[in-house]
Amino acid sequence: MSTNTFAPRSLKSQFERKGTLKRGDTAIVVGAGAFGGWTALHLLRRGIHVTLIDAWGAGNSRSSSGDETRVIRSTYGANEFYFDLNVRALELWKEHQKEWNQQVFFNTGVLWLCPSDECAIVDDSIPFSRKHKMEYEYLNKTDLGKRFPVVNSDDLHHGWYDPFGGYLKAREATRLVLETFVKEGGTFVNSLVSPSVTGENASVRLQDGTNAGADTIIYACGSWLGALFPHEIGDRITCTKQEVYYFGVPGNAASGYDKFPVWVDADGKDYYYGIPGNANRGFKVGVDRRGPAFDPTNGDRLPQPEVLTHARNFLAHRFPGLKNSPLVESRVCPYENSVDGNFIFERHPTQDNVWFLGGGSGHGFKHGPALGELVCTSFIHR
Ligand SMILES: Cc1cc2nc3c(=O)[nH]c(=O)nc-3n(C[C@H](O)[C@H](O)[C@H](O)COP(=O)(O)OP(=O)(O)OC[C@H]3O[C@@H](n4cnc5c(N)ncnc54)[C@H](O)[C@@H]3O)c2cc1C
């Protein structure tokens, strides 16, 4: 989860009237993660013949969408675009989990732990939360200690509790989106793709050496986008190694920790955050501080000892009851960082039918359903 507050500019213009598709046209979407999967599903539902292609499958362990869980929260500082996008995403997640008859959204709430009286990422979102009737609850230090006794609040000023947020089951939901896409008539191809241009026509080259073309090709390749298009995207999307840890909670206090809300330590530096409880996997602690550059295809997924030690020290301080908790699982995930943390949706500079969609920057998963809808409506106006 990235807590970048971003330039508060609106991204709406990126999605306005690009429209080139009509019912019956064809589209290829490369990448079946949160961005590509949802985009493919929305296009299909608007009458486009869609082929979705992924080298390793939806929610695979190399992808950013492939971890167990992701935080969902509207809080985005002064950035109303993402607040609104999340409000729509929440609606769509709830609709779809009903359709799937499987819970993927867990409304645990999100607890912001604030060390000083100002906490811009929450404070600046308060007007939007009022507008949407999704208000946060202010907890002074005493209330915080009473309501959440497992937190050491000695060095905290207050807390904010957002009762509308929680977490999503990430890899499971990503797989469900692909299953739905196929069930509703979409075509899925399991292949590594490389971009191909013959004359004026762009197409994709599959690993068996054949080419496939379409009226529109969308590359939603997460942290691979920069390397796949070094001239067009290059360093505008970089990949960093991010670690999440699952700590075992004490046997005699498991339910207390498992029922704890999603939390974010808004210290303005490390921004440790966590998702307790999910399916008994342990007390998840994520490190938002950017890690070293990472190769998402060949990089080993081993935690770095010094990053783990730092996280353990934090855990012992903020949740003293977990001081000696064992590490029961860990995962390395790639962040697909854009330069300013904003999403990227743009046309290839020379190929009119080719588009790039990415730059989730450690916060994109929750938005998948609403972002896919936005991309789809920008292609199809009627
Ligand atoms: C540690 C961590 C914590 C995060 N926390 C949160 C959070 O709490 N909340 C939140 O909302 N977001 C969070 N995010 C961000 C979120 O997970 C991503 O923004 C989102 O999953 C990106 O989806 P994507 O579809 O762009 O990329 P991916 O999920 O990476 O999908 C890209 C797909 O493209 C495929 N692909 C790549 N190259 C090719 C090729 N050449 N041919 C064929 N297929 C190809 C890959 O196999 C992959 O499946 C976090 C990310 C990380 C790493």
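Everything below is about the structure printed above this text.
Residues numbered from 1 in each chain as written. Predicted model: local features only at pLDDT ≥ 70, side-chain atom pairs only at ≥ 80, totals over all residues. Heavy atoms only, no water.

1. Regarding the environment of Ile53
- When you line up the elements, Ile53 lands in strand β2 (residues 49–54).
- Owing to a relative accessible area of 2%, Ile53 belongs among the buried residues under this scheme.
- Taking the C-alpha atoms as reference points, Ile53 and Ser194, 141 residues apart in sequence, are found 11 Å from one another.
- Once you skip the residues sitting within four places of it in the chain, Ile53 turns out to touch Ile28, Val29, Val30, Gly31, Ala32, Phe188, Val189, Ser191, Val193, Val204 and Leu206. (Helix = DSSP H or I, 4+ residues; strand = E, 2+ residues; numbered from the N terminus. Buried < 20%, exposed > 50% of the residue type's maximum accessible area, 1.4 Å probe, protein only. Contact = heavy atoms within 4.5 Å.)

2. Observations concerning the sheet that holds strand β14 (residues 237–247)
- Spatial strand order, β6-β7-β5-β15-β16-β17-β14-β18: eight strands in an open sheet with mixed pairing. Every other strand in the sheet has two partners, leaving β6 (137–140) and β18 (327–338) as the edge strands with one partner each. Across this sheet, the average inter-strand angle for adjacent strands is 20°, counted without regard to direction.
- Two elements, strand β16 (residues 273–275) and strand β17 (residues 283–286), share three bridges in a ladder whose sense is antiparallel. Bridging across to β17, Gly274 finds its partner in Val285.
- Helix α9 (residues 305–318) contacts β5 (110–114), β14, β15 (262–265), β17 and β18 of the sheet and is inclined by roughly 50° relative to β14. (Pairing = 2+ DSSP bridges. Axes fitted to C-alpha atoms, helices over the stretch in contact; angles between N-to-C directions.)

3. Overview of helix α1 (residues 34–45)
- For α1, built from twelve residues, the straight-helix expectation of 16 Å at 1.5 Å per residue is met to within 8% by its first-to-last C-alpha distance of 17 Å.
- α1 sits mainly inside the fold: eleven of its twelve residues count as buried.
- Among the residues of α1, Ala34, Phe35, Gly36, Gly37, Trp38, Thr39, Ala40, Leu41, His42, Leu43 and Leu44 are the ones counted as buried.
- Looking at the residues trailing α1, positive phi occurs at Gly47, about 90°. (Expected span 1.5 Å × (residues − 1).)

4. A look at the sheet that holds strand β4 (residues 105–106)
- Pairing is antiparallel across the open sheet formed by three strands, whose spatial order is β3-β8-β4. Here the strands that pair on one side only, and so sit at the sheet edges, are β3 (69–72) and β4.
- Looking at chain direction, β3 and strand β8 (residues 166–169) are connected through four bridges and run antiparallel. From the neighbouring strand, Val71 faces β8, where its bridge partner is Tyr167.
- Strands β3 and β8 of the sheet are contacted by helix α6 (residues 170–183), whose axis makes an angle of about 50° with β8.

So yeah, pure geometry; function would need other evidence.
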